[in-house]
Amino acid sequence: MLSTNTKMAISTPTLLSILLFCFLHTTFSQSPPCNGILITYNYTAGFQIPPVDPVNQPYRFESRLTVLNNGPIELKDWRVFVGFKHGELLVSATNAVLADGAALPVNVSGGAVLSGSPVTDLKTAIETAGNVNQMRAVVDLVGTEFGEPNIPLPDNITLANDGYLCRNSTAQGNNMSVCCIPNSDAKTNITLGEDYSALQTGDVTIMYDVLMTYERNYYAQVTISNLNPFGRLENWKLSWDWMEGEFIDSMRGAYPQVVDSGDCIFGNQGQFYEKFDFSKVLSCERRPTIIDLPPTRANDTNIGLVPFCCRNGTILPPSMDPKRSNSSFQMQVYKMPPNLNRTHISPPRNWAINSTVGPGYQCTQPFRVVPTLFPDLSGLPTHTTAVATWQVICNETRPTAESKKSSCCVSFSSFFNESVVPCNTCACGCERRNDDVCSATEPALLLPAEALLVPFDNRTKLAKAFADNNRRELPNPLPCGDNCGVSINWHVLSDYEKGWTARITLFNWGDASIADWFASVELDKAMLGLEKTYSMDGKVMPNPNNTLFLQGLSGQNYLVAEKNGSNPKNDPRVPGSQQTVISFTKKQTPGIHVSRGDGFPTKVYFNGEECSLPTILPSGGSRAAVISVIFTTLLSFLAIFILVERDTC
């Protein structure tokens, strides 16, 4: 019997190792005859749900599908057919997607093929030393079935991959299982059907069009479209996974981020294509990353001449410029055995698109749609269809409150209060350093109007003097800055019986100028009264109609970078800026209270990213209007100064 000390000596990692060994031993010992792919379906729970229907009563079902590779070879792009037979509506599935690309919830009565996502391949016990997490896929299914109150097992389950011979599935109690043995001559009789899925919309859509196909290679065109009216992609990067050993020989309109043919030369591709010149192959990576080309290559006869190509990775929102809201490129793709026929085309999977601005994106697996129609390039009134087309939908991922970090911020000011409500402390994040002498949690200090015109590091003296004049106590340590590259000031300029005005000023505190900028402002109660924007191009969006879309006037849509003042030794650096006055009428918005909050935005976006808004509004609507004159004079002086500086450069 173990002593107390010996028992205590058994560490947690040792205990976990013992449990893992027991699990592996049990798993392998329970299915000794299956030296291939073991598929199990386990019904775990279910109950009756409304409405009550004596003829076709709906029930919730919860099941677990497990795919375990007990064989000697890795299972690539696993697919399993589940023969649902109780009118099932599949609502959710973890670690898998429907192979035909259909979005959940979906009716799967009659059966459905599930494929792995994001993990598509199952390794062997040999190459992982029995690591079950790399050998198996566990899919938890939740849905609705009809008419079966007890155990709604499927009619059958089987592997839908070629190269495996599956026995008849067996059922016992809540479980069903089947073993599939490797057999190179076996062909699955499971097909995904020839029906096309309906075209879908999302924040970003990707079309994968096969233009020409041959026995060993095909030509494809990839088109990225930005459908988000306020979204923007900058320096986009597109990646995917090849599932059948494909490689990219040539491209037009874009290029791999890394050009490398080494994986082909030393891999299966080099063995099969023995006489192929791999020195010109662009990418043999299983997961290549594609980047856009600069505009100077748009008419390049070797790598350009593709419509909508070569925009330096910039895709604008359609509300700003529909002609610049998409990007395209073409590539020649070589295939590998046993898929050497012109009708076998498998699109890449696990797509991802990234941008240096804006949110992240989550993309679906590709699903087949009606082939794209292309206009005839010679000008004839005809169209040419793609050989085959797949669509991928990518939607913005919403960050959690803890991880959300803005890249722009907003300050509020008004004619009825001398204090400016500045950007929030650490609005765009604060890096913790050992020499920090500021507080990341202390609210930002109210500022005088002139403080908005200088960088944060030059505001301390102004902020302290302003606090002393208004008899406000200063915290110790003082709050940190907003750390934003772009700040926006919204100033309520006037409020009178029949209308009111506001001024919006954009400041660029960064080292790089911003081309083709745009901003949008949400005014929940005031937008119906919009009359005119004077120094910017402004328009109210149709949906939602509480949003004002702003961009620079023609030839002026360029927010210059921060630069040195007239006397760099004494003067603070000067931000690039643009501003406009916006006028509103109260005729369409009776009962509006401008000074009580209706005149301030509820959301502000810059280049598609939501900006941090102050948590308080300016107060004291009875203050003298002379403050407005001072503030207006300061901002106007700034605009004139920048124009003079620009003309003298």
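In this report, we go over the structure that sits alongside the text.

What follows concerns the nonpolar core. One recurring pattern in soluble globular proteins: nonpolar side chains tend to sit buried together. In terms of nonpolar packing, the biggest core is built from 34 residues, with Ile488, Trp490, Trp500, Ile504, Leu506, Trp517 and Phe606 touching the most fellow members. The set of elements that each furnish at least two residues to this core consists of strand E26 (408–414), strand E28 (486–495), strand E29 (499–508), strand E31 (518–522), strand E34 (547–551), strand E36 (576–585) and strand E37 (603–606). Counting residues in each nonpolar core, the second largest holds 31 residues, with Leu282, Met331, Ile353 and Tyr361 among its members.

In total, this model carries 15 salt bridges according to the counting rule given. With a shortest N-O distance of 2.8 Å, Arg232 and Glu234 are connected by a salt bridge. Note that Asp300 and Arg297 form a salt bridge whose closest N and O atoms lie 3.6 Å from each other. If you follow the salt bridges from partner to partner, you end up with Glu74, Lys76, Asp121, Lys123 and Arg286 in one network.

A word on helix H7 (residues 460–469). Regarding H7, the residues found buried are Ala463, Phe466 and Ala467. Angular distribution of buried residues about the axis of H7 spans 100°; they occupy a single face of the element. Facing away from the buried surface of H7 by more than 90 degrees, the exposed residues are Lys461, Asp468 and Asn469. Contacts from the buried residues of H7 go to strand E27 (417–421). One or two steps after H7, the chain reaches Arg471, where phi turns positive at roughly 55°.

Read from one edge of the open sheet, 4 strands run E17-E18-E15-E20, paired in antiparallel fashion. In this open sheet, the two strands that pair with only one neighbour each are strand E17 (254–256) and strand E20 (349–354). Adjacent strand axes in the sheet meet at a mean angle of 25°, parallel and antiparallel pairs treated alike. Judged from the 4 bridges that link them, strand E15 (residues 237–241) and E20 form a sheet pairing that is antiparallel. Across the sheet, Asp241 pairs through a bridge with Arg349, a residue of E20.

So, on to the packing of aromatic side chains. Ring pairs (aromatic) are described by centroid distance and by the angle formed between their planes. Within the structure shown, the criterion is met by 23 aromatic pairs. A ring pair is formed by Phe247 and Tyr334, whose centres lie 5.4 Å apart and whose planes are at 10°; its orientation type is stacked. With a gap of 87 residues between them, Phe247 in strand E16 (residues 247–252) and Tyr334 in strand E19 (residues 326–334) connect regions that are remote in the sequence. The exposure class assigned to Tyr334 is buried, which follows from its relative accessible area of 12%. Geometrically, the ring pair formed by Tyr273 and Tyr334 is edge-to-face, given 5.7 Å between the ring centres and 90° between the ring planes. With a gap of 61 residues between them, Tyr273 in the loop between helix H6 (268–272) and strand E18 (289–292) and Tyr334 in strand E19 connect regions that are remote in the sequence.

Here the focus is the pairing of strand E3 (residues 79–82). Burial along E3 is two-sided: Arg79 and Phe81 and Val80 and Val82, pointing in opposite directions, are all buried. Pairing geometry for E3 and strand E7 (residues 112–116), over 4 bridges, is antiparallel. Along E7, the bridge assignment pairs Arg79 with Ser115. Across 3 bridges, the pairing between E3 and strand E9 (residues 157–159) is antiparallel. Within E9, the position partnered with Val80 by the bridge is Leu159.

Bringing the environment of Val67 into the picture now. With respect to the helices and strands, Val67 occurs in strand E2 (residues 58–69). Expressed as a C-alpha distance, the spacing of Val67 and Gly116, which sit 49 residues apart in the sequence, is 9.9 Å. Sequence-distant contacts of Val67, defined by excluding residues within four places in its chain, comprise Ile37, Leu38, Ile39, Trp78, Val80, Leu122, Met135, Arg136 and Ala137.

Scoring rules and cut-offs
- Residues numbered from 1 in each chain as written.
- Predicted model: local features only at pLDDT ≥ 70, side-chain atom pairs only at ≥ 80, totals over all residues.
- Heavy atoms only, no water.
- Core = buried A, V, L, I, M, F, W, Y, C linked by side-chain atoms within 4.5 Å.
- Buried < 20%, exposed > 50% of the residue type's maximum accessible area, 1.4 Å probe, protein only.
- Helix = DSSP H or I, 4+ residues; strand = E, 2+ residues; numbered from the N terminus.
- Salt bridge = Lys/Arg side-chain N within 4 Å of Asp/Glu carboxyl O.
- Arc of directions from axis to C-beta.
- Contact = heavy atoms within 4.5 Å.
- Pairing = 2+ DSSP bridges.
- Axes fitted to C-alpha atoms, helices over the stretch in contact; angles between N-to-C directions.
- Phe/Tyr/Trp six-rings, centres within 6.5 Å; stacked < 30°, edge-to-face > 60°.

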